[in-house]
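Topology and contacts: notes
What follows is each chain in one-letter form.
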Amino acid sequence: MPGVKDDETQKLKMKIAALERENLKLKNSKAVTRWLLNFKGEEALIIVNRQNKIIDLNDQASFLISATRSEAIDRDFYDFWVPLKASDHYLDGTIEGVNDQGLYLNLKNKRTKKTVTACFYAMDDHYFVYSIDLTSKTRYSDIFHLAEDGIVFFDGSGIILDVNPYICNKLGIHRSEVAGKELDFFIPKNYRSRLPNSIELLKQEGKLRTVLPLKYHGNVHYYECNTSVLGQGLYMSILRDVTDKRYLEKKLRRNEALFMDLFVEAKDGIMLLGPEGAILNANEMAAEILECTHEELLQVKLWEFADESNYSCEDVIRQVTETGVAQTTLVVRTRAGNGRHLEIKYKRNALDQHDLVMIRDVSEKQKMEQTLRMSEQKFRRLFEGSIEGSVLWKDNGLIIDVNKAGMNKLELTKNQIVGHMLGDLLRALQVDKSDLSLIRKALSSQGKVNGTMKVILSGRPKFFEYSTKKNVVDGLNFTVFRNITEKLEMQEQLRKSDTLNILGELAAGIAHEIRNPMTSLKGFIQLLEGNMAEGHSMYFRIINTELQRIDSIINEFLLLAKPQAVKHMEVGMDRIMQETVDLLNAQAVLHNVQIRTLFEKGVPRVFCEPNQLKKVFINIIKNAIEVMPTGGIVTVSISKNFDETIQISIEDQGIGISEKMIKKLGEPFYTTKEKGTGLGLMVSFKIIEEHGGTIKAESEQGVGTVFTITLPLTQKRGIK
């Protein structure tokens, strides 16, 4: 085994160097001899004189040669060790070192052991022989060199004599750099003051076990140090790295302390359970929750507190059996007889093979949750059942819910609203940007805002009244809205009606006061007319014409003042309209205007007062002629609708009317003509209203205006 021999040879050389250094430190050769012979390692040590006579040996050598000490002393060394070559004498008085070839050991029973044997020249008359058995079935293991623990030899004054490779590798130094150093070479400065006391205690007790800090690679590592006395002032320490162990122990102690603090101070009840749920230990909070003393709690089982009507205990036991953990809510009955809801967390074998249970009283929480659920249900019923539109949206504008009334009022589905941004929805409804800006500012400053806004639905303007409150709950805002378009229209009609009532009363008084002098004027004019010369007849005609005009205005006033005795009959609308057109054709020609009629065939007759409707048509067509100073076409059409109504449209090609002015059409004394009174359209609106119909004006400036009159076909029912 050349490789093994080389390795062992190298080891022997290193040991020889260590022993040589030790030899320099030991002045007394007898002490050296006693130390060598008392050496407790596996190596055989023999002292041989210059005549190759064995003068002493240790127990390991006796065991190696199978001879007692008395049997070996004074025997020739070569009686036992035979060179591989007969001519090669190892102990010739001149060679100090290792026999690379090795020696065979002859035993009494004629068996042979192969050894690696070394000698060194110790004193003038002695050799020290060091031998290792290589014949065992497994390779010899040199504990000193291969040990995974550190080994240090030192003397009574604390001088290091030798260290094994483990120490050298850890410190990153060579063995020769350690020999001769003091023990505090390894130890951090703040621990060195303890060293003398430790050595003194070692001398007194003969052994010492302690934890020693060693500093290397910039860190302090802790070693468990077991030191023994070898004799004659020599000591050996075995060092084992326990840094990780100390860290884990420290962490464990800290965790145990933390656990105890948690166990005692915890706001939750904590219990350790044994077999069948027996409570082995519990904190005070557990006793408080279950309304019993700590001593009483340790005498019962956990499941004894379970309410008889509660089957969750079986579920907990089954979950723990299957998975090792369980978490649920149990209804328990305390020692005081009170029912409580407990949130329980159960973990099997959590601590020292005991089950860990944590309990928390959630009775108040359960009540609050139940109250909250009821409140949510109430809110949901109100939200969904409200006749007003309601929308819930987040601070970032995201709509998260809308009720059915809101969908109906906006004419949109839930998918078209929920999940979209509120700003995008309002822009799609064509809400004015300035209104949006004012709403945002009011919400930011006041947290709520109320008002009205105009939207466009199906191409028609609608008006909504809204109220928004920010943060009705955390991060949620609530808006309620309703369509007030009809309300605004009714208010406008009421305003007009009030105006008409006032105007009617005023008209009645004025007409009465004017008619009396008018009657006198007419009579005297007629008397004077017969006595005047021919040249003045023109003046009388003008006077009669103006008096008739005044009389016409008075009649219109009276029409507003009180219901007229009119006679209704079934008449074809095309006939009434044709008579009106024939009447106004002359005036139309004077203004270069052409009246075009489009009458649908088979239009049913209408139950109405023909003269009043004719007055309406005259007013509207006459206005249409007058708004086209350069001429144009007035288109008059009559058709039947599907909803049992007749539609009459009168369209001109005039300059048009602004949207603002259209809203005021029909108000008394409001007119766009220079000499108009505004009474004509007001009377027309009233006549159509009394016939149960509607009149609507649509206009585009620069294009023209269309008046659309709708009258019901149902006889008599449409007449007020």
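The structure reproduced in this document is the subject of the present report. A quick note: this is a predicted structure, and the numbers were derived from the prediction, not measured. (Residues numbered from 1 in each chain as written. Predicted model: local features only at pLDDT ≥ 70, side-chain atom pairs only at ≥ 80, totals over all residues. Heavy atoms only, no water.)

A short note on the sheet that holds strand β28 (residues 694-700)
Picture the strands of a sheet paired through backbone hydrogen bonds; they go either parallel or antiparallel. So the rule is basically this: Two strands make a pair as long as DSSP finds a minimum of two bridges between them. Where helices and strands are cited, they refer to DSSP runs of H or I of at least four residues and of E of at least two residues respectively, numbered from the N terminus. To obtain an axis, a line is fitted to C-alpha atoms, over the contacting stretch when the element is a helix, and the angle between two such axes runs from 0 to 180 degrees between their N-to-C directions. It only takes one pair of heavy atoms within 4.5 Å for two residues to be counted as in contact.
Strand order in the open sheet made by the 5 strands is β24-β26-β27-β29-β28, with mixed pairing throughout. Single-partner strands in this sheet number two, and they are β24 (593-599) and β28. This sheet shows a mean twist of 15° between the axes of neighbouring strands, independent of strand direction. For strand β27 (residues 645-651) and strand β29 (residues 704-712), the ladder comprises 7 bridges, and the chain directions are antiparallel. Each residue of the ladder has a partner; that of E651, found in β29, is V706. Packing against the sheet, helix α20 (residues 610-626) makes contact with β24, β26 (632-640), β27, β28 and β29, and its axis sits at approximately 170° to β29.

Re the pattern of salt bridges
Note the following rule: By salt bridge we mean one thing: a side-chain nitrogen of Lys or Arg within 4 Å of a carboxyl oxygen of Asp or Glu. Relative accessibility decides the category of a residue: with a 1.4 Å probe and only protein chains considered, values under 20% of the type maximum give buried, values over 50% give exposed, and everything between is partly exposed.
Per the stated rule, a full pass over the model turns up 16 salt bridges. In this structure, K614 and E579 form a salt bridge, with 2.8 Å as the shortest nitrogen-oxygen distance. Here the residue K614 occupies a position in helix α20, and E579 occupies one in helix α19 (residues 573-590), the gap between them amounting to 35 residues. Residue E579 is classed as partly exposed on the basis of its relative accessible area of 31%. Taken together, the shared-partner salt bridges connect E291, R340 and D361 into one network.

Considerations on the packing of aromatic side chains
A ring pair, where both rings are aromatic, is described by two values, the distance of the centres and the angle of the planes. Put simply, the rule reads: A pair of aromatic rings is counted whenever rings of Phe, Tyr or Trp (Trp by its six-membered ring) have centres within 6.5 Å, and the orientation is called stacked for planes under 30 degrees apart, edge-to-face for over 60 and tilted otherwise.
Using the criterion set out here, one finds 3 aromatic pairs in the structure. With a centroid separation of 5.4 Å and an interplanar angle of 20°, the aromatic rings of F154 and Y235 are classed as stacked. Of the two residues, F154 sits in strand β8 (residues 150-155) while Y235 sits in strand β12 (residues 234-241), which places them 81 residues apart along the sequence. Here Y235 falls in the buried class, since its relative accessible area comes to 7%. Relative to Y346, the ring of W303 lies with its centre 6.2 Å away and its plane at 5°, an arrangement referred to as stacked.

Quick word on a negative patch on the surface
Quick note on the threshold: Patch membership is restricted to residues that have no salt bridge and whose relative accessible area is over 30%. Joining uses 9 Å for like charges and 5 Å for the nonpolar side chains Val, Leu, Ile, Met, Phe, Trp and Tyr. Each accessible area is a Shrake-Rupley estimate made with a 1.4 Å probe; only the visible protein chains count as cover when residues are assessed. Think of it this way: Lys and Arg go in the positive column, Asp and Glu in the negative one, and His and the chain ends go nowhere. The atoms used to mark charge sites are NZ of Lys, CZ of Arg, CG of Asp and CD of Glu.
On the surface, a cluster of negative charge is contributed by E284, E288, E295 and E296. Secondary-structure assignment places E284 in helix α10 (residues 284-289). Judged by relative accessible area, which is 53%, E284 ranks as exposed.

Thoughts on the pairing of β27
Most of β27 is tucked away, with 5 of its 7 residues classed as buried. With 6 bridges joining them, β26 and β27 adopt antiparallel strand pairing. Bridge pairing in β27 links T635 to E651. Counting the residues in the hairpin turn of β26 and β27 gives 4 residues, including E644, whose phi is positive at 60°.

Re the environment of F478
Summarising the element assignment, F478 is placed in strand β22 (residues 476-483). We classify F478 as partly exposed; its relative accessible area is 22%. In the structure, F478 is positioned 77 residues away from D401 in sequence and 9.9 Å away in space, judged by C-alpha atoms. In this structure F478 touches F383, S390, V391, L392, W393, S467, T468, K469 and V472, once residues within four positions along its chain are discounted.

Points about the nonpolar core
Nonpolar side chains in soluble globular proteins tend to be buried together. Worth spelling out the cut-off: Residues belong to one nonpolar core when they are buried, are Ala, Val, Leu, Ile, Met, Phe, Trp, Tyr or Cys, and are joined through side-chain atoms within 4.5 Å.
Ranked by size, the top nonpolar core spans 38 residues in total, and within it M573, I595, L613, F617, I621, I648 and I709 carry the most contacts. Here the element with the most residues in this core is α20; it accounts for 7 residues. Non-local contacts of F617, meaning those with residues more than four positions away in its chain, are made with M573, I576, M577, T580, I648 and I709. Counting residues in hydrophobic clusters, the runner-up holds 25 residues, among them A282, A286, C292 and V357.

Examining the environment of C225
By secondary structure assignment, the location of C225 is in strand β11 (residues 219-231). For C225 and R240, which are 15 residues apart along the polypeptide, the C-alpha to C-alpha distance reads 6.6 Å. Excluding anything up to four places from it in sequence, C225 contacts L208, R209, T210, L212, S237, I238 and L239.

Digging into the sheet that holds β22
Spatial strand order, β19-β18-β22-β21-β20: 5 strands in an open sheet with antiparallel pairing. Only two strands of the sheet have a single neighbouring strand rather than two, namely β19 (399-402) and β20 (448-457). Here the strands of the sheet are splayed against their neighbours by 25° on average, with no regard to which way each runs. Bridge count between strand β18 (residues 389-394) and β22: 6 bridges; the pairing is antiparallel. From the neighbouring strand, W393 faces β22, where its bridge partner is N477. In the packing of helix α16 (residues 433-446) onto the sheet, contacts are made with β18, β20 and β21 (460-473), and the angle to β20 comes to roughly 160°.

Describing the side chain of S363
With respect to the helices and strands, the residue S363 is situated in helix α13 (residues 363-385). The buried category is assigned to S363, whose relative accessible area is 14%. The contacts of S363, once residues within four sequence positions are left out, are R340 and H341.

Focus: unusual backbone geometry
Look at E276: it is not a glycine, yet its phi comes out positive at around 60°. Looking at where E276 falls in the secondary structure, it is placed in the loop between β13 (269-273) and β14 (279-282). Residue class for E276 comes out exposed when judged on its relative accessible area of 62%. Unlike most non-glycine residues, N592 shows phi in positive territory, near 60°. With respect to the element layout, N592 can be found in the loop between α19 and β24. The exposure class assigned to N592 is exposed, which follows from its relative accessible area of 57%.

Some words on empty space enclosed by the protein
With a probe scaled to a water molecule rolled over the atoms, the places where space remains empty come into view. Rules: A cavity, in this analysis, means grid points on a 1 Å lattice covering only the protein atoms where a 1.4 Å probe fits yet has no way out; a pocket is instead an open set bounded by protein on both sides within 12 Å along at least five of seven lines, and a residue lines either one if it has an atom within 4 Å of a point. Grid points are joined across faces, edges and corners, and a volume is the space filled by probe spheres set on the points.
Tallied over the entire structure, the rule returns 4 cavities of 30 Å³ or more. Its volume calculated, the largest cavity comes out at about 80 Å³. Contributing to the lining of the largest cavity are L290, L302, W303, F305, A306, L330, V332, L342, I344 and I359. Taken together, the elements giving at least two residues each to the lining of the largest cavity come down to β15 (325-333) and β16 (339-351).

A closer look at the pairing of β18
With 5 of 6 residues buried, β18 lies mostly within the body of the structure. By the bridge criterion, 3 bridges tie β18 to β19 in an arrangement that is antiparallel. The residue bridging L392 from the neighbouring strand is D401, located in β19. Between the end of β18 and the start of β19, which pair antiparallel, lie 4 residues, with G397 showing a positive phi angle near 95°.

What to know about the environment of N226
Looking at where N226 falls in the secondary structure, it is placed in strand β11. Considering only alpha carbons, one finds N226 and R240, 14 residues apart in sequence, at a separation of 8.7 Å. The residues touching N226, leaving out its near neighbours within four places in the chain, are L208, R209, M236, S237 and I238.

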